[in-house]
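Chain residues, written in single-letter form:
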Amino acid sequence: MQNVLSILFCLSLFYLAVTSRVKAYVSVLQFQGILLTVLIVFPFIKHFSVFALILPATLFIIKVILIPRYINRIIINLDIKRTIDPTIQQFTFLLLIIFSMTLIFTTSNILSNSTDIETIPFASGFSAIVVGIFVIIFRKKLIIHVAGFLVLENGIFLFGTAVVSELPMMIEIGVLLDVFVVVFLMGIALNRISSTLSGFEVTSLDRLKD
Amino acid sequence: MELITTIKGIISLLVILGLAPVFSGLVNKLKAIFTGKIGAPILQPYYDLKRLLKKETINSGSSSFISNISPAINLVVVIIAAAILPIGFARPMISFDGDIILFAYLLGLARFFQILAAMDIGSSFEGMGAAREAAFSVFAEPIFFFTLGSIAFISGLTSIYDIYHSISLDNVSYIVFIIVCSISVFILAVSECSRMPVDDPNTHLELTMIHEVMILDNSGIDLFLYQYSSYIKLFIYAMLETSFFYPFGVKSYTVGIIIFIVVITALSMALAIVETITSRFKMKNIPQYLLFATAIGVLNLLIYTFTK
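Residues numbered from 1 in each chain as written. Chains lettered and ligands numbered in written order. Predicted model: local features only at pLDDT ≥ 70, side-chain atom pairs only at ≥ 80, totals over all residues.

1. Remarks on the overall build of chain A
Here is step 1 of the chain: Each helix and strand counted, chain A has 7 helices and 0 strands in total.
Here is step 2 of the chain: Going from the N terminus to the C terminus, chain A shows its helices and strands as α-α-α-α-α-α-α.
Here is step 3 of the chain: A compact globule built from 210 residues should have a C-alpha radius of gyration of about 17 Å, and chain A, at 18 Å, falls within 12% of that.
Here is step 4 of the chain: With the C-alpha coordinates of chain A rotated into their principal frame, the extents come out at 55 × 40 × 30 Å.
Here is step 5 of the chain: By residue count, 36% of the 210 residues in chain A fall in the buried class.
Here is step 6 of the chain: Residue pairs at least 24 apart in sequence account for 74% of intrachain contacts in chain A once pairs closer than 6 positions are excluded. (Helix = DSSP H or I, 4+ residues; strand = E, 2+ residues; numbered from the N terminus. Rg over C-alpha atoms; globule rule 2.2 N^0.38 Å. Buried ≥ 20, exposed ≤ 12 C-beta atoms within 10 Å, placed from the backbone. Contact = placed C-beta atoms within 7 Å.)

Rendered as structure tokens:
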């Protein structure tokens, strides 16, 4: 089951590489949030406890409801155009992702020989981290950078579930809170930037001075 | 027993040859219904073919023997490819180890001759269409090899019939695998048969066409052969897609046939819906659309290589 969810996770990463709409990024984030929630809930089906449901519930509320809503509101308030303005062609971007994914899968297979990790979730999480970084590097819009950061964070989460079978829950909730605060701060920053500069692109930040 | 298998194989091939135009007609009819039109009757492709048979064949003055032989080669090669695919659990007429490669390259040969014939005519429009077809098929070929190749790799078999029948459903991952594979085969079918997001079969504006522009100067029996082979080609890809769903039936001949009919109808519905809700891509976006399907194939291969 973990493998199945990881495959779907990887598919969403591919979709992220070819889509050219800001809205699609938000839906992918939502989809990934749902996948991660199911991933955490799944082991608890056999031995159910209310306490175990706190983390999935928090995850669901933050990743599937709060953050996407907040990003959508920023998109509407700041009147951000719907295309993502890539700096390289989508085709090259997708090729880059395919090659790095192949590399990551091969490497994690080698790693899994010596350590006790689940290859597929581990590699999927790792790929998400790399794709998140690529999204931040190769896109101009600031709001997409926020999305890239969140993909990276999702990757770390999946990575964590692959490495340790049971995560200390308080730490995970703390991380979630951090992410929420970061997205919140980025939103405020975007609002500020929009009142000073007309564009929401990295290129226009060159003009900023003290 | 041997005789019955052979007869079943022959019947399968005859079904493909007979039903191929119906499938195209069904897709067009559904598409018309979804867009609020009445549409041409489902049997319209047959009427078209009959009309073409009566017409006279005229070839361009600058064309050579390639233009004469290419339509016939195209049809024959596509029919041979159709004989490799199974319907239900009947063993197809041609089935041997390694026929997966033969299947891919038979379709490649058909495309090659079509491109040659298009350039042979000497019109710049046909040349443009040929160039596009060649360019996009470069991206379409890896989809086939990564998708079917990954199942071949997992099962360790190289015959299409054997590969499909080795898929077992006792593992949950295989169900996802089937769904994922069928997505990439669907994209392959759309691009190879020049359906909507890649090419619009109904436009007759030369600058936007890919497949249709190559057969602009053909008429009469030549056009009949091209049209018929394109109907069969669409049906072949539909069957390739259908084959992923056979493992859901218990291995009996009747259930296989029922699955075949249900999935083919569902697929025509899916094609019609996709053609209704999407518009044609810009030319520069097509490679990335095809690469997306290849990426799915690569992912399949990676996952099933490294699953312990």
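2. Quick word on the overall build of chain B
Here is step 1 of the chain: When you go through chain B residue by residue, the secondary structure sums to 10 helices and 0 strands.
Here is step 2 of the chain: In sequence order, chain B lays out its α and β elements as α-α-α-α-α-α-α-α-α-α.
Here is step 3 of the chain: For a compact globule of 308 residues, the expected C-alpha radius of gyration is about 19 Å, and chain B comes in at 19 Å, within 12% of that figure.
Here is step 4 of the chain: Each principal axis of the C-alpha distribution contributes one length, and for chain B these read about 60 × 45 × 40 Å.
Here is step 5 of the chain: Each of the 308 residues in chain B was classed as buried or not, and the buried ones make up 48%.
Here is step 6 of the chain: At a minimum sequence separation of 6, the contacts of chain B that also span at least 24 residues come to 77%.

3. Some remarks on the packing of helix 2 (residues 22–41) of chain A against helix 6 (residues 142–163) of chain A
The description of two helices packed together rests on the angle between their axes and the distance between the axes.
Residues and elements named next belong to chain A.
Here is step 1 of the chain: Relative to each other, helix 2 and helix 6 sit at 15°, their axes nearing to 10 Å. Relative to helix 6, the element helix 2 lies roughly parallel. Helix-helix and strand crossings are classified by hand; for helix 2 and helix 6 the assignment is left-handed. Mapping the contact onto sequence places V22, Y25, L29, Q32, L36 and L39 in helix 2 and I143, I144, A147, L150, N154, F157, L158 and T161 in helix 6.
Here is step 2 of the chain: Broken down by class, the residue content of the contact of helix 2 with helix 6 amounts to 11 nonpolar, 3 polar and no charged. (Axes fitted to C-alpha atoms, helices over the stretch in contact; angles between N-to-C directions. Parallel < 35°, antiparallel > 145°, perpendicular 65-115°, else oblique. Left-handed = near helix turned anticlockwise from the far one by under 90°. Nonpolar A, V, L, I, M, F, W, Y, C, P; charged D, E, K, R; others polar.)

4. Here we look at the interface of chain B and chain A
Here is step 1 of the chain: With 17 residues of chain B at the interface, the matching set in chain A holds 19 residues.
Here is step 2 of the chain: Of all elements in the fold, only helix 7 (172–192) and helix 10 (286–306) of chain B reach the threshold of two or more residues within the side of chain B that touches chain A.
Here is step 3 of the chain: The leading source of residues in the side of chain B that touches chain A is helix 10 of chain B, at 11 residues.
Here is step 4 of the chain: A class-by-class count of the residues in the side of chain B that touches chain A yields 13 nonpolar, 3 polar and 1 charged.

5. Brief notes about helix 5 (residues 119–138) of chain A
Here is step 1 of the chain: Taking 1.5 Å of rise per residue, the 20 residues of helix 5 of chain A would be expected to cover 28 Å, and the 28 Å separating its terminal C-alpha atoms lies within 8% of that figure.
Here is step 2 of the chain: Extensive coverage of helix 5 of chain A is indicated by the burial of 15 of its 20 residues. (Expected span 1.5 Å × (residues − 1).)

6. Concerning the packing of helix 3 (residues 54–78) of chain A against helix 6 of chain A
Residues and elements named next belong to chain A.
Here is step 1 of the chain: Interaxial distance between helix 3 and helix 6 falls to 11 Å at its minimum, and their mutual angle equals 170°. What the angle tells us is that helix 3 and helix 6 run roughly antiparallel. Together, I67, I71, I74 and I75 of helix 3 and I143, V146 and L150 of helix 6 make up the contact between the two elements.
Here is step 2 of the chain: Here the contact of helix 3 with helix 6 is composed, by residue class, of 7 nonpolar, no polar and no charged.

7. Let's talk about unusual backbone geometry
Note on backbone geometry: most residues besides glycine have negative phi, and most peptide bonds are trans.
Here is step 1 of the chain: Backbone geometry at S194(B) places phi at a positive 45°, although glycine is not the residue there.
Here is step 2 of the chain: Structurally, S194(B) can be placed in the loop between helix 7 and helix 8 (220–243).

8. Overview of helix 4 (residues 99–121) of chain B
Here is step 1 of the chain: With 23 residues, helix 4 of chain B should cover 33 Å at 1.5 Å per step; its first-to-last C-alpha distance of 33 Å lies within 8% of that length.
Here is step 2 of the chain: Once helix 4 of chain B ends, the next one or two residues include G122(B), with phi positive near 95°.

9. Focus: the environment of N191(A)
Residue and element names in this part refer to chain A.
Here is step 1 of the chain: Looking at the element boundaries, N191 is found in helix 7 (residues 169–196).
Here is step 2 of the chain: In this structure N191 comes out as exposed when scored by C-beta crowding, with 12 C-beta atoms within 10 Å.
Here is step 3 of the chain: Along the sequence, N191 and L95 sit 96 residues apart, while their C-alpha atoms lie 34 Å from each other.

Interpretation in functional terms is not warranted from these geometric data alone.
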